[in-house]
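So the chains spell out like this:
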Amino acid sequence: MEIFCSRSHFEYSMKSEIPVMADALEAHHLQLVSLHAPTSRDHSAMRESGIPLSVCEVERVRRVEAMDELKRAIDVADDLALR
């Protein structure tokens, strides 16, 4: 199964959602094969903002924000893979 790190697909930034997702995968005998990194800044649970999330941003603040989101997604991938 592939999961996208976007609030409209999987609220990966909420620690409490990670074990719920892991339990759901296990309960349905599914294996996570891909966790897609976030591609835009999410501002609501219903849709993505359309503002790109890029580690190549010229503005340092946005670049650091993008790195933080990617690190968060990597941590989630580790957490889900270890279950």
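Quick look at the structure, then. Each residue is numbered by its place in its chain's sequence as written, counting from 1. Totals for whole chains, interfaces and linings use every residue, but because this is a predicted model, local features are given only for residues with pLDDT of at least 70 and side-chain atom pairs only at 80 or more, for both listing and counting. Each side-chain value is worked out from all heavy atoms of the structure, with water and hydrogens disregarded.

Concerning the nonpolar core
A general feature of soluble globular proteins is that nonpolar side chains tend to end up buried together. We call a set of buried Ala, Val, Leu, Ile, Met, Phe, Trp, Tyr and Cys residues a nonpolar core when their side-chain atoms join them within 4.5 Å. Note on exposure labels: buried denotes an accessible area under 20% of the residue type's maximum, exposed denotes more than 50%, and partly exposed covers the range between, all computed with a 1.4 Å probe on protein chains only. The biggest cluster of nonpolar side chains holds eleven residues, and these are Ile3, Cys5, Phe10, Tyr12, Ile18, Met21, Ala22, Leu25, Ala73, Val76 and Leu80. What counts as a helix is a DSSP run of H or I of at least four residues, what counts as a strand is a run of E of at least two, and both are numbered from the N terminus. Of all elements in the fold, only α1 (17-27) and α2 (60-81) reach the threshold of two or more residues within this core. Broken down by element, this core gets its largest block of residues, four residues, from α1. In what follows, a contact means two residues having at least one pair of non-hydrogen atoms within 4.5 Å. Contact partners of phenylalanine 10, with chain neighbours within four places excluded, come to Ile3, Phe4, Cys5, Glu17, Ile18, Met21, Val76 and Leu80.

Observations concerning α2
Taking 1.5 Å of rise per residue, the 22 residues of α2 would be expected to cover 32 Å, and the 31 Å separating its terminal C-alpha atoms lies within 8% of that figure. Turning to α2, its buried residues number three or more, namely Ala66, Glu69, Ala73, Val76 and Leu80. Looking straight down α2, one finds that the buried residues subtend no more than 80° of arc, so they occupy a single side. When the buried face of α2 is taken as reference, the exposed residues oriented beyond 90 degrees from it are Arg60, Val61, Ile74 and Ala81. Looking at the buried side of α2, the elements it contacts are α1 and β2 (34-36). Between the first and last residue of a helix there are one fewer steps than residues, each counted as 1.5 Å, and that sum is the expected span. Directions are taken from the helix axis to each C-beta atom, and the arc is the one they span.

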